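Listed here are the chains, written in short residue letters.
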Amino acid sequence: MSLANLMNKAEEKGSRLILALDLLGPKDYCSSRAVYLLSILRDYVIGVKIGHPLTLSIGIKGVLDIIKQYSSEYFFIADFKLADVPHIMKATVKVLVDMGFNAVITHLFPMSIDELVPFSHGLNASIIGVLMMSHKGAVLFEKNLNVLLDYARGVGVDGVVVGATKPMYIKLARERLNRDQLIFAPGVIRQGATAGEALKFGADFEIVGRAIYEAPDPLLSARRIVESEREALHDQ
Ligand code: XMP
C-alpha cells in the first residue's frame with residue numbers, strides 16, 4: 001500500500017501517530033496485550049510498526065493474525081531494518097508483503113535498494129529508508145548524511161526515518177527530499193523529543209512506543225500525543 005494511504009488515514013483520524021508495538025515477553029501475554037492495544041487505540045493511531053521484539057515474542061503466525069485482524073484500521077510497517085544484498089532484500093520484502101505489511105523499513109547505507117524500490121511498488125508496498133538514528137552514538141550516519149540523502153532521493157524511497165531527537169536533520173531532509181518522500185520520526189517522549197516537535201521541523205509522522213504501551217493508561221497517552229501533534233500542525 002502506498003504512503004498516500006497512510007496520509008489518507010492521517011487526515012481521516014486527524015493524527016500523525018504511529019505506534020511502535022515493541023512488546024517483548026511471554027507469547028500469550030504479548031499477543032493479548034497487542035490485541036488489546038490495537039482495539040483501544042484505533043481513534044488515535046494510524047499505523048503500527050512491528051519489528052524484532054514482537055515477532056520474536058509471538059512468532060510469525062502471531063504477527064500474521066494481528067495484521068489480518070486489523071488490516072482495515074491500521075497501516076502496518078515492518079521494521080527489521082533490512083541491510084542485505086539486492087536479491088535477499090527483494091525476497092524478504094516479498095515475504096513481508098505477503099504477510100500483509102504495507103511498508104518495509106530498510107537501511108540505506110548498503111546502497112542495495114535500487115531495484116527493491118520499483119519491485120516493492122509492483123507489490124503495492126512502500127519502502128522507508130533509515131536516514132538518521134536517534135541515539136547519540138550514530139556518528140557514522142551524521143558523517144555520511146549527505147551521501148545517504150542523495151541516495152534516498154535518487155533511488156526514490158517513499159519515506160525516510162530520522163530520529164526526532166535530531167530535529168536539525170529533519171529540517172535538512174525536508175529541504176533536500178522530494179515533497180512526496182515522507183519523514184518518519186521516532187524517539188518521541190522516552191528518548192527525549194516532545195510530541196509534535198518533529199512535525200514542526202518537517203516530519204510527517206511520529207513513531208511512539210514505550211510512552212504508549214508502557215503507560216498506565218495507553219489511550220490517554222495516545223490522545224495527549226495526538227492533541228500535541230494537532231497543536232503543532234495548527235501553529236504552523
Ligand atoms: P520508543 O519506545 O523509544 O520506541 O518510543 C522507538 C521505536 O522507534 C525505533 N527507533 C528508531 N528507528 N531510527 C530508526 O530507524 C531511529 O533513530 C530510531 N529511534 C527509535 C525503535 O526501534 C523503536 O521501535
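Attention in this report is confined to the structure presented alongside it. (Residues numbered from 1 in each chain as written. Predicted model: local features only at pLDDT ≥ 70, side-chain atom pairs only at ≥ 80, totals over all residues. Heavy atoms only, no water.)

**Quick notes on the nonpolar core**
Of all hydrophobic cores here, the largest spans 88 residues; its most connected members are Leu21, Phe76, Ile113 and Phe184. If sequence neighbours within four positions are ignored, Phe184 has contacts with Leu3, Leu6, Ile18, Ile77, Ile128, Gly159, Val160, Val161, Val162, Phe205 and Ile207. (Core = buried A, V, L, I, M, F, W, Y, C linked by side-chain atoms within 4.5 Å. Buried < 20%, exposed > 50% of the residue type's maximum accessible area, 1.4 Å probe, protein only. Contact = heavy atoms within 4.5 Å.)

**Some details on the site of the ligand**
Residues in contact with the ligand amount to 15 residues; listed here are only the nearest, Asp22, Lys49, Ser134, Gly209 and Arg210. Gly209 is positioned such that a nitrogen or oxygen atom in its backbone is 2.8 Å from an oxygen atom of the ligand. In this structure, Arg210 approaches the ligand through a side-chain N or O atom, which is 2.8 Å from an oxygen atom. Expressed as a share of its isolated accessible area of 510 Å², the protein-covered part of the ligand is 88%. Judged by the fraction of its atoms near the pocket grid, the ligand is located in the largest pocket. Going through the elements one at a time, β3 (75–82) and β5 (126–132) are the ones with two or more residues in the shell around the ligand. When the residues that make up the shell around the ligand are grouped by side-chain class, the tally is seven nonpolar, three polar and five charged. (Near = heavy atom within 4 Å. Polar contact = N/O pair within 3.5 Å; in protein donor to acceptor, adjacent residues only side chain to side chain. Areas by Shrake-Rupley, 256 points an atom, 1.4 Å probe, with all protein chains shown as cover. 1 Å grid on protein atoms, 1.4 Å probe; cavity = no way out; pocket = protein on both sides within 12 Å on 5 of 7 lines; lining within 4 Å. Sits in = over half its atoms within 2 Å of the grid points. Helix = DSSP H or I, 4+ residues; strand = E, 2+ residues; numbered from the N terminus. Nonpolar A, V, L, I, M, F, W, Y, C, P; charged D, E, K, R; others polar.)

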